[in-house]
Amino acid sequence: MPTEILMPALSPTMEEGTLAKWLVKEGDTVSSGDLIAEIETDKATMEFEAVDDGRIGKLLVAAGTEGVKVNTPIAVLLEEGESEDDIDDSAAPSKPAPEAAPAADAGGKAAPDGGPAPAAAPPAPSATDGQRIFASPLARRIATEKGLDLTAIQGSGPRGRIVKADVEAATAPAAKPAKAEAPQTAAAPQAAAAQPAGLSPDAVARMYDGRAYEVVTLDGMRKTIAARLTEAKQTIPHFYLRRDIRLDALLEFRGTLNAQLGARGVKLSVNDFIIKACALALQQVPKANAVWAGDRILQLKPSDVAVAVAIEGGLFTPVLKDAETKSLSQLSKEMKDLATRARDRKLAPQEYQGGSFAISNLGMFGIDNFDAVINPPHGAILAVGAGVKKPVVNDAGEIEVATVMSVTLSVDHRVIDGALGAELLQAIRDNLENPLAMLA
């Protein structure tokens, strides 16, 4: 039977995306590895390759369709000997929502709002966890006639598709146990309850009737940022630790290094030193190098440090892997490359996911201090302000002028307690105020 091409999950956290562009048309022959579509995720536009050989029998989702759920059928691939006549009439239409085909119950009947199912091809049922069960029309019809539950049959076709032989080999149950009422009946109330409290979008718009404004449609990135940061502030018990850090020794050391590295085209930034200081601090305080994993804490061995990069319409947090093992010049080169590709939206998912700790530096914008929101599942994030000349009291009790940088460590209290967070921030401060020691 024809094979359905499904909307791919191009990253571990992707739940839906935009089918930006088809690179093939119906009737085209494709081989495994051929590019067939461009998929826009919340972070980037990525190319999607065919995994099987065959001919494109039908495009189910139109180019430009937004909100296409992962694992939704987007096209039908015909293999050798198959034709368009073999395509299941119940295949998904050119819509993003997989709900277009009515869900079937265990007896093969369509849901009440979908009308009776055609006798020739009962609609595809869903497993109890809501995932669609993929089966050929003939297999579904035979299963209905034999009283078989497709959710209990292991498919042997492409990608686990249930075919005729699988159903014929299955044994009908002696007695069909009564099933509890489908949990989907409560879906609508649950969805309503999940809506955030407050004014509806229309209510907000009515407040500004008569005023001039422009409606800015949310793209995938802005929707994801809004959802993740709302989740972070609502579910993560933040607490904040603040320190002032003297930068005079670091700035002098940086100037010396840049003079020596200039011939190699290397120019270190203060941010490069901050990355290195944080990476080493996570090694010095290993219990703080951890992430929240729901029912457990994962304590990482390497220091994988994420750094926030502002781009048009949002931000990326590319991750510098094994940052504690890299030299300042390596970190500088890698960070410049990641930042450039982040602004061009050319990062691969593995380059901006993961890590246990993040840095958000707004000092270059003249911000003295701020509190950053933790990016789950990270255990902490360091908010970095500008280095400003201030009067300070030195060890001899004398007032002198020094360059001081204010930082705030936002900490997930589920992962890091107060004393441990203070120890981590002290280690970061010590590293920055004694930059030579970071090279030891």
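This text gives an overview of the structure that appears in the document. (Residues numbered from 1 in each chain as written. Predicted model: local features only at pLDDT ≥ 70, side-chain atom pairs only at ≥ 80, totals over all residues. Heavy atoms only, no water.)

## Remarks on unusual backbone geometry
The linkage connecting Pro376 with the following residue, Pro377, adopts the cis geometry, with an omega of 10°. Of note, Pro377 is situated in the loop between strand E16 (357–361) and strand E17 (380–393). At Asn71, a residue that is not glycine, the phi angle is positive and equals roughly 75°. By the secondary structure assignment, Asn71 is in the loop between strand E7 (65–69) and strand E8 (73–78). Assessed through its relative accessible area of 38%, Asn71 is described here as partly exposed. (Helix = DSSP H or I, 4+ residues; strand = E, 2+ residues; numbered from the N terminus. Buried < 20%, exposed > 50% of the residue type's maximum accessible area, 1.4 Å probe, protein only.)

## As for the pattern of salt bridges
Scanning the model with the defined rule gives 11 salt bridges in all. Note that Arg246 is salt-bridged to Asp248, the shortest N-O span being 3.6 Å. Measuring nitrogen to oxygen at the nearest pair gives 2.8 Å for the salt bridge that ties Asp295 to Arg296. What you see here is one network of salt bridges that share partners, running through Arg246, Asp248 and Glu400. (Salt bridge = Lys/Arg side-chain N within 4 Å of Asp/Glu carboxyl O.)

## What about the side chain of Thr403?
Position of Thr403 relative to the elements: it lies in strand E18 (residues 399–412). Given a relative accessible area of 8%, Thr403 falls into the buried group. Polar side-chain contacts of Thr403 include one of 3.5 Å to the side chain of Lys389. (Polar contact = N/O pair within 3.5 Å; in protein donor to acceptor, adjacent residues only side chain to side chain.)

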